[in-house]
Amino acid sequence: MQAIPERRKISPFLVFFLIHSIQVGGGVLGFQRVIAKNAGYDGWISVIIAGIFTHILVFIMYVLLDKSGGDLVSAHTLAFGKWIGKIFDTVFVIYFSLLVITILRTYIEVLQVWMYPRLSTFIFALSFFILCYYFVRGGVRIIAGTAFFGTLLPSYLLLTFAFTFPFSDYRNILPVFDHSLKDILISTKNMSLTYLGYEAILLLYPFIKNAKKSQKYAHWGLFTTTAVYTLIALISFAFFSEKQLEKTVWATLSMWKIVEMPFVERFEYIGIANWCLVILPNVCITLWCASRILKRMTPLKHRHSLVIIILICLSTLTLFTTRTQVNFLNDIAGQIGFYINFIYIPILLVLVILMKKVRKKS
Amino acid sequence: MKKVLVCGIAMVLSFLSSGCVEREILDDLYIETGKGYDLVEDNTIRGTAMFPVYKPDKSIENMTLSAEATSTREVLETLARMSQQPLVRGGLDAVVIGEELAKKGVIDIADSLQRDPSIGARVYMMVSKGDAREILQGQYGIRGNGMYISNLLKQNIKRRELPETNLHMFLFDYYQLGQTPYLPIIRKISDNTLKVDGIALFHKDKMVDTIPAEDMFFFKILVDKISEGSHVVRLDQEQKRDGQKVEASITSLKAKHKIKVTYKKNPVKVTIKIKIKGIIKEYTGERLTPKKITDIEKTMEKDIEDKAMQMLTKFQKIGVDPIGIGQIQKHGVRGFDIKEWESKLYPNVQFNVEPDVKIVEGGTVE
């Protein structure tokens, strides 16, 4: 791998924003129902447990990156050799493209259900991708910039949940541990899907100055995400009764229905429009990851690999039209992400360590 | 050059995408502010949509459209077909349900309101004495009927004896295990006046009983976290020269309740502590001495205890739980069994009400 020139690298603290903004995406709008399905109102425990798991995984990823001395592609080459490595690279290209599709399609679905039923998926996705192309072409520094603003600017939205407090009953979460450990763990697995995205660090790593030092910031990013998710889970558990939450697809958005301000009748419209800023870095980072792997495994230029990925995503995206299909898309992306993170990455670490030893001997 | 091109394409696209959603001009819409549902025959529901029409001289005329159909959803469609301009529900303030329909169940209506993303969670639902259409067809106030009804309820919730209520709270109570919902009752007095006239108690989604307007003060103390309101105390021992009883009107500034439940079974004991801070607004006796004030406090405490106990035992008998005793029990018990609670435990709960009234001021004269 060529060394990345210093001027294209980012400061380690920006990893905080990159990690945090890629984790917070469409999932925040409706994860409550998913975790309450099995663990009921003990679901917030699952949120915390799943958060702890993300810390462990990011720790493993940093060890992996340190050992392989580069990014995911170099780790694959080290573990499997040039050609088999490429097969696994392709899996990741597909996975990241799938994430792009999932994030954007879910957001468009929200737009269509809540604001504009007649919004064309294709036109919106096309204009969004052109914007993303512009950012991703700018390189990691620009993407980190969008992540920075995509975290800070919409952060005021957290304050709007204060409107729910007069109607909230925090005793709803009592008694704690009313569900079996098994139920809580199933919810933990479902929750871990909402946390996905931090594996982008596998490709961002070579672009960070003092990359080893950035680990601290990565963990802070994960911690902030866990805190935000736990907070939102607790607020919505207090606001909805259990059976009511079961029926609510986008609990976070439904909570905004109670917001009342003299100058705005329906706050969801402002919230959803603002959410575009949260989605933007999300799509940018995943797009960049997918095109970066494609660039590294083929002789293509980054510009071309990016266009290819965008065209694939755009054409696939419009195929999903109904609620069930979008749900299916989310499930598939989540499942694949789960197995990649929790099973494949640890195995890869073991292989890299083994192969390093083998190569040293020979 | 390339950047200019990209910018150009992006701009063209943003114009295109703004064209792909439908434009809605306020003047060309009927913005529904009120909605009414009545039961006409056994299986026929009449829906009424009310919307303001703004006239050139700045006055507002309230128009209504009514249609009959077999289900609430069909009613909506028929109404839309009858309307000259598109009906939109984004500005809905009040949903009035006729008493007869309320007795048959209201969850279909609540569900359709909840499902529509353009409807807020603060919409007021209410039950009407008599026809809901009658209520919507009046001309109240100068700011339109929807505004009038929602202001009427808002004012009564904030300052008077109506407990806090809205669409979200109704649904919360409906779906919560160990709690039953309630809604305000509204009555038409004349063609331009409405009145809050008690509270409708629901079992599941069917109206089963009512609380009369004069008992709403006690009901509100029991269900709301913090409440205001007023109550008239009659002192029995004292009589004025003309033989009438001495009365004192007490306005409670702040009433709080604490509900303690012994989670053990057989029987579950519930203690409700009520703390009220109030001022005397009116007094028909001769002098208001400190001793009299203690008398008034005592009498009011007794009133509260009697009324609250009477209400609570009635709730047990008809199987409603607007206070949410079951919910509190659920918070303290692992593996809460709602069926056992409803059939065996709740009817046998032993209630104990402990009011504590404190009168802090007696007005500007002694």
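Since we're looking at a predicted model, the values are computed, not measured. Numbers given for residues are sequential positions, taken from 1 along each chain in its written order. Chain labels run from A onward and ligand labels from 1 onward, assigned in the order the entries are written. The predicted nature of this model means local features are confined to residues of pLDDT at least 70 and side-chain atom pairs, given and counted, to a pLDDT of 80 or more, with totals for whole chains, interfaces and linings taken over all residues.

A. Examining the overall build of chain A more closely. Working definition: helices are DSSP H or I runs of at least four residues, strands are E runs of at least two. Numbering for both runs from the N terminus. Helix and strand content of chain A: 15 helices and zero strands. Note that the radius of gyration is over C-alpha atoms, with the globule rule given as 2.2 Å times the number of residues to the power 0.38. Against the compact-globule benchmark of 21 Å for 362 residues, chain A has a radius of gyration of 20 Å, which places it among compact chains. Each principal axis of the C-alpha distribution contributes one length, and for chain A these read about 65 × 45 × 35 Å. Out of the 362 residues belonging to chain A, those deemed buried represent 48%. In this scheme the burial state of a residue depends on its C-beta neighbours within 10 Å: 20 or more other such atoms mean buried, 12 or fewer mean exposed, and anything in between means partly exposed; the C-beta positions come from the backbone.

B. Representation of the overall build of chain B within the structure. Counting its regular elements, chain B contains eleven helices and 14 strands. For the C-alpha atoms alone, the extent of chain B along its principal axes is close to 90 × 60 × 60 Å. When burial is assessed residue by residue, chain B has 38% of its 366 residues classed as buried. In chain B, 68% of the contacts between residues at least 6 apart in sequence involve partners at least 24 apart. Throughout, a residue-residue contact means that the two C-beta atoms, derived from backbone geometry, are no farther apart than 7 Å.

C. Geometry of the interface of chain A and chain B. Between chain A and chain B, the residue contacts involve 28 residues of the former and 27 residues of the latter. Mapped by element, the contributors of at least two residues to the side of chain A that touches chain B are helix 5 (82-115), helix 6 (121-137) and helix 11 (242-247) of chain A. Here the side of chain A that touches chain B takes seven residues from helix 6 of chain A, the largest share from any one element. Under the scheme applied here, ten amino acids are nonpolar (Ala, Val, Leu, Ile, Met, Phe, Trp, Tyr, Cys and Pro), four are charged (Asp, Glu, Lys and Arg), and all others, including Gly, are polar. Classifying every residue of the side of chain A that touches chain B by side-chain character gives 15 nonpolar, four polar and nine charged.

D. How the structure looks around the pairing of strand 3 (residues 44-54) of chain B. Residues and elements named next belong to chain B. With respect to burial, strand 3 is a largely interior element, eight of its eleven residues being buried. We call two strands paired when DSSP finds no fewer than two bridges between them. What sits between the antiparallel neighbours strand 2 (residues 34-41) and strand 3 is a turn of two residues. Where strand 3 lies against strand 4 (residues 60-69), ten bridges are found, and the strand directions are antiparallel. Within strand 4, the residue paired with Tyr54 across the bridge is Ile60. The hairpin formed by strand 3 and strand 4 contains five residues between the paired strands, and Lys58 there has a positive phi angle of roughly 70 degrees.

E. Spotlight on helix 7 (residues 140-152) of chain A. Each helix should span, by expectation, one fewer than its residue count multiplied by 1.5 Å. Over its 13 residues, helix 7 of chain A extends 18 Å from the first C-alpha to the last, a length consistent with the 18 Å expected when each residue adds 1.5 Å. Packed against the buried residues of helix 7 of chain A are helix 1 (14-23), helix 6, helix 9 (201-204) and helix 13 (267-297) of chain A.

F. Molecular detail of the domain arrangement of chain B. All names here are of chain B. An automatic or database domain assignment is the source of the domain bounds shown. Per the domain assignment, the segments making up chain B are domain 1 (26-222) and domain 2 (225-366). For domain 1 and domain 2, the distance between their C-alpha centroids amounts to 30 Å. Listed per partner, the contact involves 20 residues of domain 1 and 26 residues of domain 2. Residue composition of the side of domain 1 that touches domain 2, grouped by class: nine nonpolar, five polar and six charged.

G. Molecular detail of the confidence of the model for chain A. In the predicted model, chain A carries a mean pLDDT of 89, and 99% of its residues have values of at least 70. Note: pLDDT gives the predictor's confidence per residue, expressed from 0 to 100. Mean pLDDT values for the elements of chain A range from 85 in helix 4 (residues 72-80) of chain A up to 93 in helix 10 (residues 214-239) of chain A.

H. Inspection of the environment of His179(A) at higher detail. Residue and element names in this part refer to chain A. Examined against the element boundaries, His179 turns out to sit in the loop between helix 7 and helix 8 (181-195). C-alpha of His179 to C-alpha of Gly43: the two residues are 136 residues apart in sequence and 9.3 Å apart in space. Contact partners of His179, with chain neighbours within four places excluded, come to Ala39, Gly40, Asp42 and Ile184.

I. Inspection of the UniProt feature "domain: Spore germination protein N-terminal" (unreviewed entry) in chain B at higher detail. According to UniProt, the feature "domain: Spore germination protein N-terminal" (unreviewed entry) maps to residues 23-187 of chain B in the numbering used here. As annotated, residues 23-187 of chain B has a helix share of 33% and a strand share of 30%, and its two end C-alpha atoms lie 39 Å apart. UniProt positions are given in the numbering used here, feature names are shortened, and annotations may be inferred rather than shown by experiment.

J. A look at the packing of helix 3 (residues 43-68) of chain A against helix 8 of chain A. Residue and element names in this part refer to chain A. Working convention: axes come from line fits to C-alpha atoms, limited for helices to the stretch in contact. Angles between N-to-C directions cover 0 to 180 degrees. Relative to each other, helix 3 and helix 8 sit at 60 degrees, their axes nearing to 8 Å. Classified by the angle between their axes, helix 3 and helix 8 sit oblique to one another. Note that helix 3 runs across helix 8; the crossing there is right-handed. In contact with Gly43, Ile45, Ser46, Val47, Ile49, Ala50, Gly51, Phe53 and Thr54 of helix 3, helix 8 contributes Ile184, Ser187, Thr188, Met191, Ser192 and Tyr195. Every angle not falling under 35 degrees, over 145, or within 65 to 115 is termed oblique; those three ranges are roughly parallel, roughly antiparallel and roughly perpendicular. Here a crossing is called left-handed whenever its near helix is offset anticlockwise from the far helix by less than a right angle, and right-handed whenever the offset is clockwise.

K. Fine view of the sheet that holds strand 6 (residues 94-98) of chain B. All names here are of chain B. Strands sit in the order 4-3-2-6-7-8-9-10 across an open sheet of eight strands; the sheet is mixed. Edge positions in the open sheet fall to strand 4 and strand 10 (206-211), since each of these has one partner strand only. With direction set aside, neighbouring strand axes in the sheet form an average angle of 35 degrees. Of the pairings in the sheet, the one linking strand 9 (residues 193-203) to strand 10 comprises five bridges and is antiparallel in character. Within the sheet, the bridge partner assigned to Ala200 lies in strand 10 and is Thr210. Those strands touched by helix 6 (residues 145-159) are strand 2, strand 3, strand 4, strand 6, strand 7 (124-128), strand 8 (182-190) and strand 9, and its axis lies near 65 degrees from that of strand 9.

L. Main features of the nonpolar core. As used throughout, a nonpolar core is a set of buried Ala, Val, Leu, Ile, Met, Phe, Trp, Tyr and Cys residues joined through C-beta atoms within 7 Å of each other. Counting 195 residues, the largest nonpolar core has Leu287(A) and Ile97(B) as the members making the most contacts within it. Considering each element in turn, this core owes the most residues, 16 residues, to helix 13 of chain A. Here this core spans two domains, since at least three of its residues come from each of domain 1 (26-222) and domain 2 (225-366) of chain B. Setting aside anything within four residues of it in sequence, one finds Ile97(B) in contact with Tyr37(B), Ala102(B), Val106(B), Ile109(B), Met125(B), Val127(B), Ser128(B) and Ala132(B).

M. Region of interest: the packing of helix 4 of chain A against helix 5 of chain A. All names here are of chain A. Running from N to C, helix 4 and helix 5 cross one another at 140 degrees; their axes reach a closest spacing of 7 Å. What the angle tells us is that helix 4 and helix 5 run oblique. In the crossing of helix 4 with helix 5, the sense of the turn from one axis to the other is right-handed. Of helix 5, the residues touching helix 4 (which contributes Leu72, Val73, His76, Thr77 and Phe80) are Lys82, Ile84, Gly85, Phe88, Asp89 and Phe92. Its residues placed into classes, the contact of helix 4 with helix 5 shows six nonpolar, three polar and two charged.

N. The arrangement of unusual backbone geometry in detail. Residue and element names in this part refer to chain A. For the bond from Leu174 to Pro175, the omega torsion is -10 degrees, close enough to zero to count as cis. If you trace the backbone, Pro175 turns up in the loop between helix 7 and helix 8. Here the phi dihedral of Phe177 falls at roughly 60 degrees; this positive angle occurs in a residue that is not glycine.

O. Spotlight on the environment of Pro299(A). With respect to the helices and strands, Pro299(A) occurs in the loop between helix 13 and helix 14 (302-317). It is 58 Å that separates the C-alpha atoms of Pro299(A) and Pro262(A), two residues lying 37 residues apart in sequence.

P. Up close: helix 6 of chain B. With 15 residues, helix 6 of chain B extends 21 Å from end C-alpha to end C-alpha; this agrees with the ideal 21 Å at 1.5 Å per step. Every buried residue of helix 6 of chain B is listed here: Asn145(B), Gly146(B), Tyr148(B), Ile149(B), Ser150(B), Leu152(B), Leu153(B) and Ile157(B).

Q. Spotlight on the environment of Lys243(A). All names here are of chain A. When you line up the elements, Lys243 lands in helix 11. On the basis of neighbour count, Lys243 is assigned to the partly exposed category, with 14 C-beta atoms found within 10 Å. Put simply, Lys243 and Gly40 are 203 residues apart on the chain and 9.4 Å apart in space, counted from C-alpha to C-alpha.

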